[in-house]
Amino acid sequence: MLGFGERLGIDLGTATILVYARGRGIVVREPSVVAIEKTSRRVLAVGEEAREMLGRTPGSIVAIRPLRDGVIADYTVTRDMLAFLIRRACGNRARLLKPVVIVCIPSGATSVEQRAALDAARAAGARDAFPIEEPMAAAIGAGLPIGSPGGNMVVDIGGGTTDIAVISLGGIVVSDSLRVGGTDLDEAITRHIRRVYNLDIGERTAENIKISIGSACRTEDEEQEMEVRGRDIVSGLPQTVTVSSLEVRDAISENVSQIVAAVKTILERTPPELAADIIERGICLTGGGALLRGMDRLLHLETQIPVFIADDPMSSVAIGTGKALEEIETLQRRHALAALRY
Ligand SMILES: Nc1ncnc2c1ncn2[C@@H]1O[C@H](COP(=O)(O)OP(=O)(O)OP(=O)(O)O)[C@@H](O)[C@H]1O
Ligand SMILES: [Mg+2]
């Protein structure tokens, strides 16, 4: 019986976790970072508070990201993080009746990885947990007409994975999940700065560089420069260098090309009728990576298909999961009606 109690949609992302509560919208949006005490493995902080500690913790505390490449890398920590966030989302309501949750899963996740995510949600206090494929949630959240008999293409560029799918009549026709996302771009920037400037930078600095001056291709914006602080590898002392948008584009180009190539491959595998719809409707970009300057332009140049970014792309998956929560109810009602009839 699902009728009563709280219902949550959880976007268990590599970079950010969002929780959508039925009737209330997005109630939690936190970086997927947990600070734990090393010896006892006790959770000390979750989300933004833990993120502040990344790379800055004393010996007895570690700040970790329990999800890698879109899937659970550390089960226990993920469970504890979910328990914390579910409690935060429900407040007192959860005490009466545990919530039913939908968890989104990258389309490339194995059945073991999917089961781990659902088990973690149940162990974290959910009464029951259902999966939804991440690109499906992204398409619903972006408001694409996925129920109609026409092709819709969504490209969700997250922190750990890029999910690409063509959806028609509410089902995924072709899809791919690439283990390349924003985090890989950050790492490419870190490697570049280390190699060229002998400078070690932290992951937050690398992400900052990407967001401030990173781009997928040349855009109408002028090239920019940015001062970057880190630690000199040779002297071990703090150091500042100036980095240009041109070299950042170059540093991330290989990963960006992988995303473009995967989109092209999916287009090649798309049945012609659906491809014709996509040419007309365009490709929809969601996820934080959709905000990389010039990503839409590059995809358009490479595919000759219109490309548009969803409103609020970083919330698309959570909103879609939230809308799917309503579907559980519709399905249930249908079951109930069917039961009355027989
Ligand atoms: N303006 C921006 N330009 C470029 N990248 C950005 C921008 N804003 C956010 N990002 C990147 O988007 C990524 C996070 O996106 P998102 O929240 O969709 O990921 P996620 O859902 O947590 O990950 P996944 O779906 O892979 O598990 C991060 O790598 C972040 O650096
Ligand atoms: Mg995501």
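No experiment lies behind these values; they were computed from the predicted model shown.

1. A few points about the overall build of the protein
In step 1: Each helix and strand counted, the protein has 11 helices and 18 strands in total.
In step 2: The globule rule puts the C-alpha radius of gyration for 342 residues at 20 Å, and the 21 Å found for the protein is close to it.
In step 3: In terms of principal-axis extent, the alpha carbons of the protein reach across some 80 × 55 × 30 Å.
In step 4: Look at the contacts in the protein between residues 6 or more apart in sequence, and 65% of them connect residues 24 or more apart.

2. Digging into the domain arrangement of the protein
In step 1: Partitioning the protein into domains gives domain 1 (7-137 + 316-341), domain 2 (144-180 + 257-311) and domain 3 (182-251).
In step 2: Between domain 1 and domain 3, the contact holds four residues from the first and five residues from the second.

3. Quick word on unusual backbone geometry
In step 1: At Leu169, a residue that is not glycine, the phi angle is positive and equals roughly 50°.
In step 2: Classification of Leu169 as exposed rests on a count of 11 C-beta atoms within 10 Å.
In step 3: We note that Asp312 has phi near 50°; this positive angle belongs to a residue other than glycine.
In step 4: Inspection of the secondary structure assignment puts Asp312 in the loop between strand S18 (307-309) and helix H11 (316-341).

4. Some details on the nonpolar core
In step 1: Grouped together as the largest cluster of nonpolar side chains are 93 residues, with contacts concentrated most on Val19, Val103, Ala121 and Val154.
In step 2: Ignoring any residue separated from it by four or fewer positions in sequence, one finds Val19 in contact with Leu8, Ile10, Val27, Val28, Leu85 and Ala89.

5. Concerning the sheet that holds strand S6 (residues 61-64)
In step 1: Read across the sheet, three strands follow the order S5-S4-S6 without closing on themselves; strand pairing throughout is antiparallel. Each edge of the open sheet carries a strand with a single partner, namely strand S5 (43-46) and S6. The sheet shows a mean angle of 20° between the axes of neighbouring strands, taken without regard to direction.
In step 2: Both strand S4 (residues 34-37) and S5 contribute to a ladder of three bridges, which runs antiparallel. By the bridge assignment, Ile36 is partnered in S5 with Val43.

6. Overview of the pairing of strand S13 (residues 171-178)
In step 1: Pairing geometry for strand S12 (residues 162-168) and S13, over seven bridges, is antiparallel. Pairing of Asp163 across the sheet is with Ser177, part of S13.
In step 2: The antiparallel hairpin formed by S12 and S13 contains two residues in its connecting segment, where Leu169 sits at a positive phi of about 50°.

7. What to know about the site of ligand 1
In step 1: Around ligand 1, the structure places 22 residues, and the nearest of them are Gly13, Ala15, Gly158, Gly182 and Gly288.
In step 2: Sorting elements by how many residues they give to the shell around ligand 1 places helix H7 (residues 203-213) first, with three residues.
In step 3: For the shell around ligand 1, the class distribution of residues is five nonpolar, 15 polar and two charged.

8. Points about the sheet that holds strand S10 (residues 128-133)
In step 1: Taking strand neighbours across the sheet as the criterion, the five strands line up as S3-S2-S1-S9-S10 in an open arrangement whose pairing is mixed. Only two strands of the sheet have a single neighbouring strand rather than two, namely strand S3 (25-31) and S10. Strand after strand, the sheet turns through a mean of 20° between neighbouring axes, direction not considered.
In step 2: Taken together, the six bridges between strand S2 (residues 16-21) and S3 define a ladder with antiparallel strand orientation. Opposite Ile17, over in S3, you have Glu30 as the bridge partner.
In step 3: Of the strands in this sheet, strand S1 (7-12), S2 and S3 touch helix H2 (residues 75-90), which is tilted by about 150° from S3.

9. Quick notes on the pairing of S4
In step 1: Here S4 folds back onto S5 in antiparallel fashion, the turn holding five residues, of which Arg41 has a positive phi close to 60°.
In step 2: Here four bridges tie S4 to S6, and the two strands are oriented antiparallel to one another. Residue pairing for S6: Ile36 is matched across the bridge by Val62.

Parameters and conventions
- Residues numbered from 1 in each chain as written.
- Chains lettered and ligands numbered in written order.
- Predicted model: local features only at pLDDT ≥ 70, side-chain atom pairs only at ≥ 80, totals over all residues.
- Helix = DSSP H or I, 4+ residues; strand = E, 2+ residues; numbered from the N terminus.
- Rg over C-alpha atoms; globule rule 2.2 N^0.38 Å.
- Contact = placed C-beta atoms within 7 Å.
- Domains from an automatic or database assignment.
- Buried ≥ 20, exposed ≤ 12 C-beta atoms within 10 Å, placed from the backbone.
- Core = buried A, V, L, I, M, F, W, Y, C linked by C-beta atoms within 7 Å.
- Pairing = 2+ DSSP bridges.
- Axes fitted to C-alpha atoms, helices over the stretch in contact; angles between N-to-C directions.
- Near = placed C-beta within 6 Å.
- Nonpolar A, V, L, I, M, F, W, Y, C, P; charged D, E, K, R; others polar.

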